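# Chains, contacts and geometry: an overview
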Amino acid sequence: MAQPAISMDAHQEHHHDTFKLLGFWIFLVTDCIIFACLFAVYAVLRTHTDGDLTGRELFEVKGFTAETLILLASSFTSGLASLAMQKGSKKHLLGWLTVTVLLGLSFVGLEITEFAKMASEGAAISTNAFLSSFFTLVGTHGLHVSFGLIWMTGVMVQIGRYGIDAHTKEKVTIVGLYWHFLDVVWIFIFTVVYLLGVM
Amino acid sequence: MHSHENHGSAKTYILGFLFSLILTALPLWLVIQHVMNKALLTVAILLIAVLQLIIQFFFFMHIGEGEKPRYHVMALILGAVMVFTIVAGSIWIMTFNSQVH
Amino acid sequence: MGEKAKGFFVTGDPLIYGADVSIIITLLGILVFLTYFKKWGWLWREWLTTVDHKKIGIMYLVSSLLMLFRGGVDALLMRMQLAMPNTHFLQSQHYNEIFTTHGTIMILFMAMPFMFALFNIVIPLQIGARDVAYPFLNAMSFWLFFFGALLFNLSFVIGGSPDAGWLSYPPLSELAGSPGPGQNFYIWGIQISGIGSLATGINFLVTILKMRAPGMKLMQMPLFTWSVLSSCITIIFAFPVLTVTLALLFVDRFFGAHIFTATGGGNPMMYVNLIWMWGHPEVYIVVLPAFGIYSEIVSTFSKKKIFGYKSMVFSMMIISVLGYFTWVHHFFTMGAGADVNTFFAITTMAIGIPTGVKIFNWLFTMFRGRISMTQPMLWTLAFIPCFLVGGATGVMLAAAPADYQYHNSYFLIAHFHQTLIGGVVFGYLAGLYYWWPKMFGFKLNDRIGKWAFWTWNIGFYVCFMPQYALGFMGMTRRVYTYGWDMGWAPYNMVSTAGAFLMGIGFVFQVWQILYSIKHGERDLTGDPWNGRTLEWSIPSPAPHYNFAHLPEVKSDDAWWDMKNHRYGAAVPNKMKEYAPIHMPKNSGIPFLMSACWFVAGFGLTFEWIGVGIAGLAGVGICLLARSFQRNTDYYIPVDEIKATESSLGRVV
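Residues numbered from 1 in each chain as written. Chains lettered and ligands numbered in written order. Predicted model: local features only at pLDDT ≥ 70, side-chain atom pairs only at ≥ 80, totals over all residues. Heavy atoms only, no water.

## So, the overall build of chain B
Looking only at helices and strands, one finds four helices and zero strands in chain B. Listed N to C, the secondary structure of chain B is α-α-α-α in terms of helices and strands. In chain B, which comprises 101 residues, the share counted as buried stands at 41%. If you take every contact in chain B between residues at least 6 apart in sequence, the share linking residues at least 24 apart comes to 58%. (Helix = DSSP H or I, 4+ residues; strand = E, 2+ residues; numbered from the N terminus. Buried < 20%, exposed > 50% of the residue type's maximum accessible area, 1.4 Å probe, protein only. Contact = heavy atoms within 4.5 Å.)

Structure, rendered in structure tokens:
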């Protein structure tokens, strides 16, 4: 076969690896826009408590600080997982991913406890506009984390089955990117919702 | 796959984690201690959050990597402009309502 | 019929009973046809599971033409209701439903898929690629659109149509104002297809950035490709806003939240603010590709390079970004304050500048060109004056103080129809005529096409010019009926006549297509228009791998230069050896997953939680199943490529 044809085709295939990463970055940008809208709604409605309790009375410093630290730690451990992947250590990769998933689970658990407690105090999504926007913003982030947990578990099963190869490497990179991104979003929830709320 | 190879080292991850811990503790302390007045405090903690974002992007997400041209960086920058437009624009446009309430 | 069924099926209107009967007959007809001719397997293998961008494009095209019909019938019914004073041709409730579905369908289920049809069919061919960046995702986008549109249209016969206007402003669209399932159909129909549109935006952005033929620099891309790039940039920033806005409305309706309600501290105007952050960029999303189409056509049929290529590119990029900063002009009357209104009035008027640049470029391209009056060129020529008037009335509307007079009047209706029909629909139709031979291998008949063109165009002006006057006379949009004393009757009568002329134009086009399938001029060269860009370098219709050899590009108007031996002479195929071609495998998952979305949407529409959860679980299972798939592509062997190329008359 003639050389030029092969090199051209190979050219396109080589690039296929980076396609997914670029596409995923763009997806993250669209997700940024989703959260931007939710933040905008929250910023506009945060004072619309309709005479009910405000954030200062509802938010507990201990609870949201714990959530923040757990998520930060999980972002770190997912970084360590991709580091283990670079070194080709399947055992460490799976180990760090497991730690990440466990941290994520405890984050979601804490969040659900927080939500349930608020609801039992009469602060539910249907109470007033402030709480509606609070629950949709924080809840959407929580849903993202939960989705990420299922996804990460799926990736772990695949690593267990196929080991570290081009496919699973790509998947770990992308799910890791997603996980770090959720951490970034949380930083703004921590700042805008909780810190400004208790201020 | 060569573009994926250099994905940071244990050192950068640990450094990034330490930075992010500090940048979490700092605003928390500022808010709880009420170190400055409300407007200033708001600006300060928002700035710290942006700093934290930058840390995550560089130390964890390795935004500077990948082959050139770095379209993902362009997308993120334009995205940041749009995010600002959405949030600041909405607040600006909807302030009339807070005067009503 | 039991009480429950009575609530479920829409009853009491002879028009809807007619629709019921025709739907059942059509469905039975399709089922019998498929079974009798043993076409089920063919349907599944060739269409439902395909990841070929050309076939996906054709499916988009067929769906959008069907939706043009449905939306057009809605329009004609509306015009009949308004033709005379004190008419009760439609019940007022039915009228509300029809103006709602007309707007939603025309923008989201006609313009968008029509646009995606052209994206799909043209872009990979134009940039010299064999498929899009994510063929699987592309198929998913189509099926999400398809099932979203299906869900939305189902509301006509089941549950009742939405009736709160095409953008469904709260508090009317909240549970208190619209308790029935109609509004839920709206939310889920658009939500499901919107996810698909977002994915298409990402897909084509990456395709254009990463998959261009070797050598093709950004500044050598054809202008249609540039227009799609700019449109996709707008999609990725605008569509997430739509997703959020609809989700929040759903949260209000489903969980009793108070985000947009009039009670509990909610703020309905926040919905208006958000929806226009999507809604305004949306019109640029649909019009930018039309600009690209005009550029291709003007250049091809004037036999000249486009005038001011760079300024065309810059003006499109400016429009795509600046289009994001004008949304408040849709609600100047909200009273956000003089500073806010001033800012957005200025940004809106500023958009006129790059648009004006483009008009001049088209005119200068034609200047001293050898123009051939083909069908695509006719529609392009019709577009220029039409869009110019539409743009000028747009600047009038952009003047915030004056807008207090025009707001929501028929002046506005006339304005946006002039830009959306004159700009978008004319553009897509021009594109359809232009690329039709590439899609199907034959040209559309000229004589019938001219009849269609003139009825459409005359009909357009007869229909919408009187509406500008009606707006000044105080007729507001969505008005159900009016009295003789208003003096609106003659104008409305004329307008209705114009609408029917446009309807006749559409009938001509259907006839034209059917006639041309049998008698149309076959395209054996692959280059029937003496084109300038790469899609004309391959046979019509294109083989499923598009390019047997990837072309090497050294300039803009690459195919023109290859034909005219400007460089390296197009090397005849026989000189090169073939290599196996890497292609994606078909997959049933996009279809199944979108069907699961449909089930979920249907369940949530009727608040059948079990069905909703089952549908969403199905979506999750499909996602996981896809994630675990490994052998998703294959190689076309050299022998097959050789056989295909020789059967297409290309030298092997």
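## Here's the deal with helix 19 (residues 609–628) of chain C
For helix 19 of chain C, which comprises 20 residues, the first-to-last C-alpha distance of 29 Å matches the rise-based estimate of 28 Å (1.5 Å per residue) to within 8%. Within the sequence span of helix 19 of chain C, burial applies to G612, G615, G618, V619, C622 and S627 of chain C. Contacts from the buried residues of helix 19 of chain C go to helix 5 (129–162) and helix 6 (166–198) of chain A together with helix 18 (589–605) of chain C. (Expected span 1.5 Å × (residues − 1).)

## Brief notes about the domain arrangement of chain C
Residue and element names in this part refer to chain C. The domain boundaries assigned to chain C delineate domain 1 (1–38), domain 2 (39–587 + 632–647) and domain 3 (588–631). The centre of domain 2, based on its C-alpha atoms, is set 28 Å off from the matching centre of domain 3. Contacts between the two partners involve 27 residues from domain 2 and, on the opposite side, 20 residues from domain 3. Between domain 2 and domain 3 lies a buried interface of about 2,300 Å² when both sides are counted; carbon and sulfur atoms form 78% of it. Of all residues in domain 2, F136, F147 and T632 bury the most surface against domain 3, accounting for 25% of the area lost on that side. Taken together, the connections running from domain 2 to domain 3 amount to zero salt bridges. Counting residues per element, the ones that place at least two in the side of domain 2 that touches domain 3 are helix 3 (40–48), helix 6 (135–154), helix 7 (182–210) and helix 8 (223–255). Top contributing element to the side of domain 2 that touches domain 3 by residue count: helix 6, with nine residues. (Domains from an automatic or database assignment. Buried area = accessible area lost by both parts, 1.4 Å probe. Salt bridge = Lys/Arg side-chain N within 4 Å of Asp/Glu carboxyl O.)

## Here's the deal with the environment of F35 of chain A
You can see F35 of chain A is positioned in helix 1 (residues 3–45). Every residue in contact with F35 of chain A, bar those within four places of it in the chain, is listed here: L137, T140, H141, H144, F181 and V185 of chain A.

## Here's the deal with the UniProt feature "transmembrane region" (unreviewed entry) in chain B
Residues and elements named next belong to chain B. In the numbering used here, UniProt assigns the feature "transmembrane region" (unreviewed entry) to residues 12–32, 38–61 and 73–94. As a span, residues 12–32 carries 100% helix and 0% strand, and end to end its C-alpha atoms are 30 Å apart. With 96% helix and 0% strand, residues 38–61 has end C-alpha atoms that lie 33 Å from one another. (UniProt positions renumbered as here; feature names shortened; annotations may be inferred.)

## Description of the domain arrangement of chain B
All names here are of chain B. Here chain B is described as being made up of domain 1 (1–67) and domain 2 (69–101). Residue-level contacts link six residues of domain 1 with five residues of domain 2. Looking at the side of domain 1 facing domain 2, the largest losses of area belong to I63, G64 and E67, adding up to 72% of the total buried there. Put simply, domain 1 and domain 2 have zero salt bridges between them. Taken together, the links from domain 1 to domain 2 amount to one residue pair in polar contact (both at pLDDT 80 or more). (Polar contact = N/O pair within 3.5 Å; in protein donor to acceptor, adjacent residues only side chain to side chain.)

## Details of the side chain of Q56 of chain B
Tracing the backbone shows Q56 of chain B in helix 3 (residues 38–60). We classify Q56 of chain B as buried; its relative accessible area is 0%.

## Some remarks on helix 10 (residues 309–322) of chain C
The end-to-end C-alpha separation of helix 10 of chain C is 20 Å, in line with the 20 Å expected for 14 residues at 1.5 Å each. Those residues of helix 10 of chain C that are buried are in contact with helix 8, helix 9 (268–302) and helix 11 (338–366) of chain C.

## Considerations on the packing of helix 3 (residues 61–86) of chain A against helix 4 (residues 90–120) of chain A
When two helices pack together, their arrangement is given by the angle between the helix axes and by the axis-to-axis distance. Residue and element names in this part refer to chain A. Packing of helix 3 against helix 4 brings their axes to within 8 Å, and their N-to-C directions diverge by 165°. With respect to their mutual orientation, helix 3 and helix 4 come out roughly antiparallel. Our pair here, helix 3 against helix 4, has a crossing hand that is left-handed. Residues A66, E67, I70, L71, A73, S74, T77, S78, L80, A81, A84 and M85 of helix 3 form the contact with helix 4, whose participating residues are H92, L93, W96, L97, V99, T100, L103, S106, F107, L110, E111 and E114. (Axes fitted to C-alpha atoms, helices over the stretch in contact; angles between N-to-C directions. Parallel < 35°, antiparallel > 145°, perpendicular 65-115°, else oblique. Left-handed = near helix turned anticlockwise from the far one by under 90°.)

## Considering the interface of chain A and chain C
The interface of chain A with chain C comprises 45 residues on the first partner and 43 residues on the second. With both chains or domains summed, chain A and chain C bury close to 3,900 Å², and 71% of this area falls on carbon and sulfur atoms. Between chain A and chain C we count one salt bridge in total. The partner of R630 of chain C in a salt bridge is D165 of chain A, and the shortest N-O contact between them spans 2.8 Å. Summed over the shared surface of chain A and chain C, the result is nine residue pairs in polar contact (both at pLDDT 80 or more). For the side of chain A that touches chain C, the elements supplying multiple residues, two or more each, are helix 1, helix 5 and helix 6 of chain A. Ranked by residues supplied to the side of chain A that touches chain C, first place goes to helix 1 of chain A with 23 residues.

## Looking at the interface of chain C and chain B
Across the contact, 24 residues belong to chain C and 16 residues belong to chain B. Counting the surface lost from both chain C and chain B, the interface buries some 1,700 Å², and carbon and sulfur atoms represent 79% of this. The three residues of chain C that bury the most area against chain B are L209, F237 and Y324 of chain C, which together make up 24% of that side's buried surface. The interface formed by chain C and chain B holds zero salt bridges in total. Linking chain C to chain B there are one residue pair in polar contact (both at pLDDT 80 or more). Taken together, the elements giving at least two residues each to the side of chain C that touches chain B come down to helix 7, helix 8, helix 9 and helix 11 of chain C. Looking at the side of chain C that touches chain B residue by residue, the classes come out as 19 nonpolar, three polar and two charged. (Nonpolar A, V, L, I, M, F, W, Y, C, P; charged D, E, K, R; others polar.)

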